[in-house]
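# Fold and contact review
Each chain is listed here by its residues.
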Amino acid sequence: MIKVIYWTGTGNTQKMAENIVCGIQETGKEVEILEVSNATDKDIIDAEVLVLGCPAMGAEELEDSEVIPFIENNAALMQGKKMALFGSYGWGTGEWMDAWKEQMASLGANLVAEPLIVNEFTDGQDEAICNDYGKKIVG
Ligand SMILES: Cc1cc2nc3c(=O)[nH]c(=O)nc-3n(C[C@H](O)[C@H](O)[C@H](O)COP(=O)(O)O)c2cc1C
């Protein structure tokens, strides 16, 4: 079972998550999508690939009330875990994702693909990009 776990403020990262899930489903793999507030350590343990999504928040940071605690509380479970990261951003250049990728690598996660970032979410364009990413991370 692949798990796609995300946080969203205004819906862009949610749209990314939903389209990534469609791509995964098109490969025939089983996938579950859930918001980080509903995710538990068991979801991480059970995940064949753990796909985490969070937009750029703060000043090029992860969201701090749910996402940072989720990662900190479950850091030990990320070691050796097959993972992929994604998220939406606004005005920056993706620094938050570079830092997140580095953090996951330092926890020993096995990133199966480069992270996917999209600027806000452009309807009619980003669905296909996210769908392709879903296929890529399970391929
Ligand atoms: C409080 C706050 C902080 C933000 N900080 C950044 C930032 O540091 N860099 C950036 O590129 N975008 C930043 N943004 C823009 C969001 O990352 C962008 O709007 C994104 O599409 C939001 O995704 P969401 O709809 O999933 O919440 C910030 C937005 C908010 C509300």
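For the structure itself, consult the block above.
The notes below deal with the structure included here. (Residues numbered from 1 in each chain as written. Predicted model: local features only at pLDDT ≥ 70, side-chain atom pairs only at ≥ 80, totals over all residues. Heavy atoms only, no water.)

### Structural notes on the layout of surface pockets
In this structure, the largest pocket encloses a volume near 290 Å³. Considering only residue class, the lining of the largest pocket consists of 7 nonpolar, 10 polar and 2 charged. (1 Å grid on protein atoms, 1.4 Å probe; cavity = no way out; pocket = protein on both sides within 12 Å on 5 of 7 lines; lining within 4 Å. Points joined across faces, edges and corners; volume = space filled by probe spheres on them. Nonpolar A, V, L, I, M, F, W, Y, C, P; charged D, E, K, R; others polar.)

### Details of the packing of aromatic side chains
Overall, the coordinates contain 1 aromatic pair when judged by the stated rule. A centroid spacing of 6.0 Å and a plane angle of 40° characterise the contact between Tyr89 and Trp96, whose relative ring orientation is tilted. (Phe/Tyr/Trp six-rings, centres within 6.5 Å; stacked < 30°, edge-to-face > 60°.)

### Some remarks on empty space enclosed by the protein
One pass over the structure, following the stated rule, counts 1 cavity of 30 Å³ or more. Forming the boundary of the largest cavity are Ile5, Tyr6, Trp7, Val36, Leu52, Gly53, Cys54, Val67, Phe70, Ile71 and Trp100. The biggest single contributor to the lining of the largest cavity is helix H3 (residues 67–73), with 3 residues. A breakdown of the residues in the lining of the largest cavity according to their chemical character gives 10 nonpolar, 1 polar and no charged. (Helix = DSSP H or I, 4+ residues; strand = E, 2+ residues; numbered from the N terminus.)

### Some remarks on the pattern of salt bridges
Tallied over the entire structure, the rule returns 7 salt bridges. In this structure, the salt-bridge partner of Lys15 is Asp123, at a minimum N-O distance of 3.2 Å. Of this pair, Lys15 sits in helix H1 (residues 12–26) while Asp123 sits in the loop between strand E6 (116–119) and helix H5 (126–138), and the two are 108 residues apart along the sequence. What makes Lys15 partly exposed here is its relative accessible area of 30%. Look at Asp123 and you get exposed, because its relative accessible area is 53%. The closest approach of N and O atoms between Glu48 and Lys29, which form a salt bridge, is 3.1 Å. With a gap of 19 residues between them, Glu48 in the loop between helix H2 (41–46) and strand E3 (49–53) and Lys29 in the loop between H1 and strand E2 (31–35) connect regions that are remote in the sequence. Judged by its relative accessible area of 34%, Lys29 is partly exposed. (Salt bridge = Lys/Arg side-chain N within 4 Å of Asp/Glu carboxyl O. Buried < 20%, exposed > 50% of the residue type's maximum accessible area, 1.4 Å probe, protein only.)

### Points about unusual backbone geometry
In the Ramachandran plot, Glu60 falls in the positive-phi region, its phi being about 60° despite a non-glycine side chain. With a phi angle near 45°, Glu120 is a residue other than glycine that sits in the positive phi range.

### Details of the packing of H1 against H5
Where H1 meets H5, the closest approach of the two axes is 7 Å, and the angle between their N-to-C directions is 50°. Considered as vectors, H1 and H5 are oriented oblique to each other. The interaxial crossing formed by H1 with H5 has right-handed handedness. On H5, the residues that touch Met16, Asn19, Ile20, Cys22, Gly23, Ile24 and Glu26 of H1 are Glu127, Cys130, Asn131, Tyr133, Gly134, Lys135, Ile137 and Val138. Within the contact of H1 with H5, the residues separate by chemical class into 8 nonpolar, 4 polar and 3 charged. (Axes fitted to C-alpha atoms, helices over the stretch in contact; angles between N-to-C directions. Parallel < 35°, antiparallel > 145°, perpendicular 65-115°, else oblique. Left-handed = near helix turned anticlockwise from the far one by under 90°. Contact = heavy atoms within 4.5 Å.)

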